[in-house]
Amino acid sequence: MTPAPYDEMRDATGAVRAPWTGLAGVLDGAGRAGLRARRAHTLRLLADDGVAYHPPGAETEQLWELDPLPLVLDGAEWAGLERGVAQRAELLDRLLADLYGPRATVTRGLLPVEVVDGHPGYLHGWRRAVGAPPRRELFLSGVDLGRSSDGWTVLGDRVQAPSGAGYAMANRRVVARVLSALHRRSRIRRLGPFFEAVRAGLQAGREDPRIVLLHPGPDSETGYEQALLSSLLGLPLVLGSELTVREGRLWQHSLGRLDPVDVVLRRLDADWCDPLDLRPDSRLGVPGLLEVARLGTVTVLNGLGAGVAENPGLLPFLPALCRALLGEDLLLPGVPTWWCGDPVSLAHVRAHLDDLVLTPVARGHDPVRGADLDSAARAALLARIEAEPHAWAAQREVVLSVAPVVTDAGAEPRPVTLRTFAVSSGEGWEVLDGGLGAVPTAGALVDGVTLAKDVWVVGERPDRTAPGVPDETVVPGAATTPAGVSPRVAEDLFWLGRYAERAEDTARLLRAVTDRWADFRTSPEPAGAGALRALLLATSEITRTTPGFAAVAPDDDPGPELHSLLGDRTRPGTLGFAVHRLTRAAQAVREQLSTDTWLVLGRLDSVLQQLAAHAELDTGEVSDGLNRVLEGLLALAGIIAESLVRDAGWRLLDAGRRVERAQHVVALLAATLCDAPRGPADRLVVESVTIVAESVITHRRRNAGRPGIAALLHLLLADRDNPRALAHQLDRLADDLAHLPGGVPAAFDAAVARLSGADPVALAARDTADGTRPALRALLAGLGADLDRLAEQVAAAHFARRPRPHAYDPLLGAS
Amino acid sequence: MTSTYRVTHRTAYEYSGEVTTSFGRAHLLPRTQPDQRCAEARVVVDPEPDELREHVDAFGNRSTYFCVRTPHRALTVLAESTVTVDRAVVPPALRGWEEVRDRKDLDARPFALPSPRLPAQPEVADYAAPSFPPGRPLGEAAADLCRRIHDDFAYVTGSTTVRSTVTDLLTGGEGVCQDFAHLAVAALRTRGLPARYVSGYLETRPPPGKPKLRGVDASHAWFSVWTGDGWLDLDPTNDRVVDDSYVVLAHGRDYGDVPPLKGVLFADSAHSTMAVAVDLERVEPGVIG
């Protein structure tokens, strides 16, 4: 018979436990509608903060799922848990130091050698040389806990590259706002000090060390969290390709230089860290990293061999190991586990298969519930286990405690687990005062995306009285951006600037076209028809989506093509594409940007989705939607202008924007004025051009009564005071390039020279025979080519593409 | 019986395009062990490497790391050593194979586990079975396995690659020394017996009356099985007991622990051709066993 689960909120009599009284009050007062409102509020805040998770294999990331109700734990009870988590971290560190050194635990018979050498996490290449001093193996440890009717039980250890501490902080920031009143009046321990301890631990014993956070990339499962950690810890987020091994140590590529690296905090599983000595197919690692880490010129944390401590087959041996290594009893019991490599345990497993969950000891293999198998499947499983008994463990399923979770039906009790974290601060182990709570999917044995819960430890800490900054005001942002911009970040920032500008230019263009179309629909006349047609064709040229409108007959509905240009995010040249790429670029440099960025990008995405959802185009709605898109893009421009430090990264971002805007002006003029029709339509086209170029008011004011083409060309090309003019973009580029290492690209000087020789009156002149403007066309073609080359030269100078790594085939034994 | 060899092993790569950086890992210097002494040994890389470092790995092998940062279109790795082999006749391994299995000697036990390239597979267990009737002395069982592999599979140069699996050999019926050694190691492990993969060289002798040609020797591989008292080396490619015409480079759980040479290079294109030349030259008259 299954025992009743422990209820976190209520005791056996149904009375609310003391630390839960506040939350119980909220639950009583809120009602079902109130809880739904809290859930909606949670969702909104998660979206605004851009808290995300990228399921393996999915194309895009998805919103993090968080329950508004925290798991509340009493401070006095927590003290016991904290001691247990710290003890466990110390134990595993000592065990790892032994397993990669003298292996006394094995030779003394405390641990079967198969539990060690038979686990894929045990790295022979990580063994220390005979007599070499022990190094730190475990720095940051995660322990998954569940509370059964017998108390807290360890479900598993996360020591490879534990994730979740950053998400715990993200959860706290949201829940603190959703339950702001309760949060303020409860004495909830802060999470911030833990991250200070992580920083202190990384620096411990080193003089001004250079520390990097090695990650698998912004598209990885926990890309959001890696960026958040980078901000919280003030560490540069680097890819393997941004590091290099030379002269017996590790270096980081920054713009134009190499900086020596002392410590690597890795979020990359060890296997992927070095294509030379570990997985040869890894594109994420650094060739030679194992070599220099073994030499000890760089400290890699957690140690590259830490994965072996995740072997569930270790659990039955930990009590004895704890006594042997620490001289203490193990404080936190593990879930009852039988390691199948032991014949007596294997006999037990065979006899009790229905009551057990069978787990391959290697990560990445799904566990199986014995009771779920029919007789054929049982026989097959037992055969697999008997062929490789050391590779299997069997565990009793823990009946997890329950805590209230907001569901459609109100607050319902659901099972919960808790991931806790310990870090070596240099002065012992510091445990995060809280953790990552999770509500496992019903019936599932594998962890994956689950509903997260904030974890509140309530009650003062006896040993820490100094008030600090509340967690929710610790905002990641540009202020913590470390010096030195890597070529990868430089490239992403450049493209962030380009796509932000492209989105803005495209939105203005489409708005002008939509307005012209709306005018023509209400008062159809030949001039309007001609101007609309000219503008539609120009739009396809400018956005480089030809044939586009040219493939739509003049009398046919341009609506479908316009619809595609708005919302089709898979088609280059559209507004949807530009915004999608903008978001991707922003995600790639998340740690460089202010959190407000996600507020803006989230709203932009939802406006575009609304626009794309309409099957029939309503010009009023489109115009309205485009205004909201522009609002968002202008807000983004404001954040970029007002919230980012003017470092090399910002210079590249701005350079990207300037190049893009310059190209847009050139393309706009080339598509509208070179072959412009004469007559009434011409005037309407010129008016739209002025609107698209955001220069209507200036143009009218400066050239009152003389709306000549020469004056417009002067305003958009040569007027250095007009922030939309080409000359202005070149001035800004000159300033940006002057602040970047390396010289000014040749194409820049070419563009400046070409523009300075241009005379607006001569450019405006039409060919007497066919009415085109050949001088203008020639100038713009030259400038367009200059700008394309300029972009290429900036890329070549700063994005420093290294050639791709190839693993060369090991030599084949020839006889 | 003692033999001394001057070993040279030259690997030359040529690339279709420029390589900016090459990282390499070599197991090309003979290990020192009770029946083998290595007097002098070095790895020379051309172009001159920025770094070249040697350490003894977890299996006791000599492991060389190098990095070349001079842009190059060709890379040569030359290993030279002088090694003296003094391999006494191995006493017959008379313990029953089950006894060896059940001893669980601590040093040998890890080698009874499956390894990255040799996972436990039922078809390998089936292949091994006939050599291991109950109570058979280990030496006899291992020799039988060695002979069967020699007889059952065709030696075909180029029939497999460094990534071939034991299953490829069992289904394809042909392979090279590495595949035969892998099958033997995996087969012994299915019986719970510790077994290692050994990388090294075998001296080749010219036909009677002909001078020995240069560069005709080659990398070789065989297996080693735990007898309860020591390791017994057998060569399934030639169905021979390993004697002093063999030089041991390195041993490990499988080929993956001891490739003679592997690496990572940075280049825009990495089409390459490779040529290997190995020479085992006797520098002192030895007694041929």
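What counts, and where the lines are drawn
- Residues numbered from 1 in each chain as written.
- Chains lettered and ligands numbered in written order.
- Predicted model: local features only at pLDDT ≥ 70, side-chain atom pairs only at ≥ 80, totals over all residues.
- Helix = DSSP H or I, 4+ residues; strand = E, 2+ residues; numbered from the N terminus.
- Buried ≥ 20, exposed ≤ 12 C-beta atoms within 10 Å, placed from the backbone.
- Contact = placed C-beta atoms within 7 Å.
- Rg over C-alpha atoms; globule rule 2.2 N^0.38 Å.
- UniProt positions renumbered as here; feature names shortened; annotations may be inferred.
- Pairing = 2+ DSSP bridges.
- Axes fitted to C-alpha atoms, helices over the stretch in contact; angles between N-to-C directions.
- Expected span 1.5 Å × (residues − 1).
- Arc of directions from axis to C-beta.
- pLDDT = per-residue confidence, 0-100.
- Parallel < 35°, antiparallel > 145°, perpendicular 65-115°, else oblique.
- Left-handed = near helix turned anticlockwise from the far one by under 90°.
- Nonpolar A, V, L, I, M, F, W, Y, C, P; charged D, E, K, R; others polar.
- Core = buried A, V, L, I, M, F, W, Y, C linked by C-beta atoms within 7 Å.

Q: Help me out: how do you make sense of the overall build of chain A in this one?
A: When its secondary structure is counted, chain A shows 26 helices and 24 strands. Each of the three principal axes of chain A carries a C-alpha extent, and together these read 100 × 70 × 60 Å. Every one of the 815 residues in chain A was classed for burial, and the buried ones make up 51%. Considering only intrachain contacts with a sequence separation of at least 6, the fraction spanning at least 24 residues in chain A is 72%.

Q: Help me understand the overall build of chain B, please; the structure alone is not making it clear to me.
A: Helix and strand content of chain B: 5 helices and 14 strands. Relative to the compact-globule value of 19 Å for 289 residues, chain B shows a C-alpha radius of gyration of 19 Å, a close match. When each of the 289 residues of chain B is scored for burial, the buried share is 48%. If you take every contact in chain B between residues at least 6 apart in sequence, the share linking residues at least 24 apart comes to 76%.

Q: I keep staring at the UniProt feature "domain: Circularly permuted ATP-grasp type" (unreviewed entry) in chain A and nothing clicks. Help me out?
A: Mapped onto this numbering, the UniProt entry annotates "domain: Circularly permuted ATP-grasp type" (unreviewed entry) at residues 70-439 of chain A. Secondary structure across residues 70-439 of chain A comprises 31% helix and 24% strand; the distance between its end C-alpha atoms is 11 Å.

Q: Which parts of the structure should I look at to understand the sheet that holds strand β13 (residues 337-339) of chain A?
A: Pairing between the strands of a sheet comes from backbone hydrogen bonds, and it takes one of two forms, parallel or antiparallel. All names here are of chain A. Read from one edge of the open sheet, 4 strands run β13-β16-β14-β15, paired in antiparallel fashion. The outermost strands of the open sheet, each flanked by one partner alone, are β13 and β15 (368-369). Taken together, the 3 bridges between β13 and strand β16 (residues 392-396) define a ladder with antiparallel strand orientation. Its bridge partner lying in β16, W338 is registered against A394. Along the sheet, helix α11 (residues 343-351) makes contact with β13, β14 (356-360) and β16, crossing β13 at roughly 120 degrees.

Q: What is the right way to look at helix α17 (residues 596-613) of chain A in this model?
A: Along an α-helix, residues three or four positions apart point the same way, because every turn accommodates 3.6 residues. All names here are of chain A. Its 18 residues place the ends of α17 26 Å apart at the C-alpha level, agreeing with the 26 Å of an ideal helix rising 1.5 Å per residue. By the burial criterion, the buried members of α17 are T597, W598, V600, L601, L604, L608 and L611. Along α17, the residues classed as buried sweep out an arc of 160 degrees about the axis, all on the same side. α17 presents Q609 and A613 as exposed residues on the side facing more than 90 degrees away from its buried surface.

Q: What is the right way to look at unusual backbone geometry in this model?
A: Negative phi values dominate among residues other than glycine, just as trans dominates among peptide bonds. Cis geometry is found at the peptide bond from T546(A) to P547(A), where omega equals 0 degrees. Within the fold, P547(A) resides in the loop between α14 (526-542) and α15 (559-567). The omega torsion of the bond from D46(B) to P47(B) falls at 0 degrees, within 30 degrees of zero and hence cis. Summarising the element assignment, P47(B) is placed in the loop between β2 (36-46) and β3 (51-56). Phi at D208(A) takes a positive value of approximately 45 degrees, unusual for a residue other than glycine. Mapping D208(A) onto the fold places it in the loop between α7 (192-203) and β6 (211-214). According to the C-beta neighbour criterion, D208(A) is exposed, with 6 such atoms within 10 Å. Positive phi values are uncommon outside glycine, yet R544(A) reaches one of about 55 degrees.

Q: Even after reading the chapter, I still don't get the interface of chain B and chain A, so can you show me in this structure?
A: Accessible area lost when the parts come together is the quantity often used to give the size of an interface. Listed as interface residues are 43 residues of chain B and, on the opposing side, 35 residues of chain A. Secondary structure elements with two or more residues in the side of chain B that touches chain A: β1 (2-29), β3, β4 (62-68), α5 (177-190), β9 (219-226), β13 (261-267) and β14 (272-282) of chain B.

Q: Explanation requested: the sheet that holds strand β8 (residues 195-202) of chain B in the structure shown.
A: Residue and element names in this part refer to chain B. Taken together, 5 strands build an open sheet; the order of strands is β11-β10-β9-β8-β12 and the sheet is antiparallel. Where the open sheet ends on each side, the last strands, each with one partner, are β11 (240-241) and β12 (246-252). Sheet topology places strand β10 (residues 231-235) next to β11; 2 bridges connect them, and they run antiparallel. Counted as the bridge partner of L234 is V241 from β11. Sheet strands in contact with helix α3 (residues 138-152) are β9 and β10, and its direction is about 20 degrees off that of β10. In this fold α5 packs onto β8 and β9, with an angle of close to 10 degrees to the strand it touches most, β9.

Q: Looking at this structure, how should I read the confidence of the model for chain B?
A: Fine structural detail should not be taken from predicted coordinates in areas where pLDDT scores are low. Across chain B, the average pLDDT comes to 91, with 96% of residues at or above 70. The ipTM value of the predicted complex is 0.94, and its pTM value is 0.85.

Q: Can you help me understand the packing of helix α1 (residues 21-49) of chain A against α17(A) in this one?
A: Axes are the key here: two packed helices are described by the angle between their axes and the distance separating the axes. All names here are of chain A. Contact pair α1 / α17: the axes reach a minimum separation of 6 Å and the direction vectors enclose 110 degrees. Taken together, α1 and α17 sit at an angle that is classed as roughly perpendicular. Across from A47, D48 and D49 in α1, the residues of α17 making contact are W598, L599 and G602.

Q: How should I be thinking about helix α16 (residues 575-588) of chain A in this particular structure?
A: All names here are of chain A. In a regular helix each residue adds 1.5 Å, so 14 residues correspond to 20 Å; α16 covers 20 Å between its end C-alpha atoms and thus fits that length. With 12 of 14 residues buried, α16 lies mostly within the body of the structure. For α16, every residue scored as buried is listed here: L575, G576, F577, A578, V579, H580, L582, T583, A585, A586, Q587 and A588. Residues of α16 that are buried sit in contact with α8 (223-233), α13 (487-522), α15 and α17.

Q: How do you make sense of the packing of α3(B) against α5(B) when you look at a structure like this?
A: All names here are of chain B. Where α3 contacts α5, the axes come no closer than 10 Å and their chain directions differ by 140 degrees. Every pair of crossing elements has a handedness; the one defined by α3 and α5 is right-handed. Of the residues in α5, those touching α3 at L145, C146 and I149 are F180, L183, A184 and A187. A breakdown of the residues in the contact of α3 with α5 according to their chemical character gives 7 nonpolar, no polar and no charged.

Q: How do you make sense of the confidence of the model for chain A when you look at a structure like this?
A: Residues of chain A with pLDDT of at least 70 account for 94%, and the chain-wide mean is 89. A low-confidence stretch, residues 811-815 of chain A stays under pLDDT 50, and its non-local contacts, those more than four residues away or across chains, total 24 contacts.

Q: Is there a simple way to explain the nonpolar core in this structure?
A: When a protein is soluble and globular, its nonpolar side chains tend to lie buried together. Grouped together as the largest cluster of nonpolar side chains are 142 residues, with contacts concentrated most on F194(A), V264(A), C340(A) and V423(A). Of the residues forming this core, the biggest block, 10 residues, is contributed by helix α2 (residues 75-99) of chain A.

Q: What am I meant to see in the pairing of strand β23 (residues 455-458) of chain A here?
A: Regular strands place their side chains on alternate faces of the sheet. All names here are of chain A. Both faces of β23 are covered, namely the face carrying V455 and V457 and the face carrying W456 and V458. Pairing geometry for strand β3 (residues 71-74) and β23, over 4 bridges, is parallel. Pairing of V72 across the sheet is with W456, part of β23.

Q: What is the right way to read the pairing of strand β19 (residues 417-424) of chain A from this model?
A: Residue and element names in this part refer to chain A. Taking burial as the measure, the 8 residues of β19 include 8 buried ones, the bulk of the element. Side chains T417, R419, F421 and V423 project from β19 onto one buried face, and the interleaved L418, T420, A422 and S424 project onto a second face that is buried too. Here 3 bridges tie β19 to strand β21 (residues 436-439), and the two strands are oriented antiparallel to one another. By the bridge assignment, R419 is partnered in β21 with L436. As defined by bridge partners, β19 adjoins strand β20 (residues 429-431) across 3 bridges and the pair is classed as antiparallel. Within the sheet, the bridge partner assigned to S424 lies in β20 and is W429. The hairpin turn running from β19 into β20, its antiparallel successor, is 4 residues long, and G426 in that turn takes a positive phi close to 100 degrees.

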